[in-house]
Amino acid sequence: MLIIGVDYHPSFQQISFMEQETGECGERRLNHSDGEAQRFYRELKQRGVSVRVGMEATGYSRWFERLLAELGFEVWIGDAAEIKKMRVRKQKTDRLDAQLLLKLLLENRFPRIWIPDPENRDLRQLLWHRHRLVQMRTRIMNQLQAVAMNEGYRWKKKLFSAQGRALLEKLSLAPWASRRRKELLELLDQLDPKITELTVAVEQEANKRPEVVRLMTHPGVGPITGLVYVLVIGTPDRFPCGKKIGSYLGLIPSEDSSAGKQRLGHISKQGNALLRFLLGEASQAAVRTDADWRRRYVHLAMRRKKSIAKVAMARKLGVRLYWMWRNGWDYSKFVEFGSNAGKLGIRHGVKYSVA
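This write-up is about the structure you can find in this document.

Parameters and conventions
Residues numbered from 1 in each chain as written. Predicted model: local features only at pLDDT ≥ 70, side-chain atom pairs only at ≥ 80, totals over all residues. Heavy atoms only, no water. Helix = DSSP H or I, 4+ residues; strand = E, 2+ residues; numbered from the N terminus. Rg over C-alpha atoms; globule rule 2.2 N^0.38 Å. Contact = heavy atoms within 4.5 Å. Areas by Shrake-Rupley, 256 points an atom, 1.4 Å probe, with all protein chains shown as cover. Lys, Arg positive; Asp, Glu negative; His and termini not counted. Charge placed at Lys NZ, Arg CZ, Asp CG, Glu CD. Axes fitted to C-alpha atoms, helices over the stretch in contact; angles between N-to-C directions. Parallel < 35°, antiparallel > 145°, perpendicular 65-115°, else oblique. Left-handed = near helix turned anticlockwise from the far one by under 90°. Nonpolar A, V, L, I, M, F, W, Y, C, P; charged D, E, K, R; others polar. Buried < 20%, exposed > 50% of the residue type's maximum accessible area, 1.4 Å probe, protein only. Core = buried A, V, L, I, M, F, W, Y, C linked by side-chain atoms within 4.5 Å. Pairing = 2+ DSSP bridges. Polar contact = N/O pair within 3.5 Å; in protein donor to acceptor, adjacent residues only side chain to side chain. Expected span 1.5 Å × (residues − 1). Salt bridge = Lys/Arg side-chain N within 4 Å of Asp/Glu carboxyl O.

The subject of this paragraph is the overall build of the protein chain. From N to C terminus, the protein chain includes 14 helices and nine strands. Whereas a compact globule of 355 residues would reach a radius of gyration of roughly 20 Å, the protein chain reaches 26 Å, over 25% beyond that. C-alpha extents for the protein chain along the principal axes are approximately 80 × 75 × 45 Å. In the protein chain, the share of contacts with a sequence separation of at least 24, taken over all contacts with a separation of at least 6, comes to 53%. Carbon and sulfur atoms make up 51% of the accessible area of the protein chain, which totals about 21300 Å². A distance of 10 Å separates the average location of the 63 positive side-chain charges in the protein chain from that of its 38 negative side-chain charges.

Two numbers describe a pair of packed helices, the interaxial angle and the distance between the axes. At their nearest, the axes of helix α5 (residues 118-150) and helix α7 (residues 175-207) sit 9 Å apart, and the two run at 150° to each other. Of the possible angle classes, the one that applies to α5 and α7 is roughly antiparallel. Between α5 and α7 the crossing geometry is left-handed. For the contact of α5 with α7, a count of residues per class yields 19 nonpolar, three polar and seven charged.

Notably, Asn 108 is not glycine yet its phi reads approximately 55°, a positive angle. Among the structural elements, Asn 108 can be located in the loop between α4 (94-106) and α5. Backbone geometry places Lys 156, a non-glycine residue, at a positive phi of 55°. Assignment of secondary structure puts Lys 156 in the loop between α5 and α6 (162-170).

Mapped onto the elements of the fold, Gln 125 is located in helix α5. A relative accessible area of 42% means that Gln 125 is categorised as partly exposed. Along the sequence, Gln 125 and Ser 11 sit 114 residues apart, while their C-alpha atoms lie 23 Å from each other.

Attention now moves to the nonpolar core. Counting residues in hydrophobic clusters, the biggest one holds 61 residues, and the most contacted among them are Leu 127, Leu 144, Leu 168, Val 228, Tyr 229, Leu 279 and Leu 321. Elements supplying a minimum of two residues to this core: α5, α7, α8 (210-215), α9 (223-233), α11 (273-289), α12 (291-303), α13 (306-327) and α14 (331-337). Counting residues per element, this core draws most heavily on α13, which supplies 10 residues. Leave out the neighbours within four places in its chain, and Val 228 touches Leu 127, Leu 274, Leu 275 and Leu 278. Core analysis: the second largest hydrophobic core is formed by 21 residues, Ala 37, Val 51, Val 53 and Leu 68 among them.

With that out of the way, let us pick up the sheet that holds strand β1 (residues 2-8). One open sheet holds the five strands; their spatial order is β3-β2-β1-β4-β5, and the pairing between them is mixed. Sheet topology places β3 (25-31) and β5 (74-78) at the edges, where each strand pairs with a single neighbour. This sheet shows a mean twist of 20° between the axes of neighbouring strands, independent of strand direction. Pairing of β1 with strand β4 (residues 51-56) involves five bridges; the strand directions are parallel. Each bridged residue has a counterpart across the sheet, and for Val 6 the counterpart in β4 is Met 55. Those strands touched by helix α1 (residues 36-46) are β1, β2 (12-19), β3 and β4, and its axis lies near 135° from that of β3.

With that settled, the discussion passes to the side chain of Asp 290. For Asp 290, the position within the fold is in the loop between α11 and α12. Of the polar contacts made by the side chain of Asp 290, one reaches the backbone nitrogen of Asp 292; its length is 3.3 Å. When near neighbours in sequence (up to four residues on either side) are disregarded, Asp 290 contacts Pro 219 and Tyr 331.

Once that is clear, we can look at α13. An ideal rise of 1.5 Å per residue puts 32 Å on 22 residues; α13 measures up with 31 Å between its terminal C-alpha atoms. For α13, every residue scored as buried is listed here: Ala 309, Ala 312, Met 313, Ala 314, Leu 317, Gly 318, Arg 320, Leu 321, Tyr 322, Trp 323, Met 324 and Trp 325. Taken together, the buried residues of α13 touch α8, α9, α10 (242-248), α11, α12 and α14. Gly 328, located one to two residues past α13, shows a positive phi value of around 70°.

Here we take up the pattern of salt bridges. Per the counting criterion, the structure on display carries 21 salt bridges. Two residues, Arg 179 and Glu 183, come together in a salt bridge whose shortest N-O distance is 2.8 Å. Here Glu 183 and Arg 179 lie together in helix α7, a separation of four residues that amounts to about one turn. Judged by its relative accessible area of 36%, Glu 183 falls in the partly exposed class. The closest approach of N and O atoms between Arg 209 and Glu 205, which form a salt bridge, is 3.1 Å. Connected via shared salt-bridge partners are Glu 56, Arg 87, Lys 92 and Asp 97.

Spelled out as structure tokens, the structure:
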């Protein structure tokens, strides 16, 4: 088998390879734009060579992964942070990175990570596309609010009702301000049906998956949050406990402790940004609709700060959804049992857990 360590870049890749049977080694730099990389791997396929490729998790590599899958080659994606920790030398070059990846592959120390399937990745594009369009619509709406406020009107949400829009269109504005208002309203009219169409598609995909429907029974969790959670986590079996979920989502504090002194910083933000955002939004929706959730939030906000309480509730929601998914419970059953094995009972005035 030919083992190849690939230091991937958008425009080229530096490879270091070794043929296990003969011990033959080599290095090459393959360009992407002129098709040199594709020709190299297709020639290996024509020669009937069995190939295993190892590379760090990186962006803009979908075409390369699809090419290797089409050719029937093994593709191992490694944890970039773990690979960085294994780099001993302070010198860093593309050649040294490729050599390190090859060494880890040969020594069976390559930190391989879970990779979503093509369907999962395509559905993520649907969710990201909708999210970006919603962000664009929000910016447009904020600009329209600014136009109205500059004229002395502060209508907030009423601005986008039928009556509020009619009043906005009747405002007497200077020529360029009038044009700005007109084109912003046209963009808003174009975005609304697109977002509605994408929302319907998300709801259809969510209803196809029993695990998403089960997660949606939790207060504040809708089809978008539930579907993103399932797509990003993949399977609950990947994580041994709920604490790992908080770390994976980047909702735990960064830490720089030494010599018995604990130094905690802001959250690490080392997970999926879209899911982290949606968990924050869903947790605040739960605060508004669920009494128990609101009580926990208010207690944290009084003891710490509102910003810290919001992050804590987002992390708590992520862990709750993990246990609901792993145990196959809906929200009512989770409330009954929690993440423990049994329910609380009372004996001699003392609460205890019964199986």
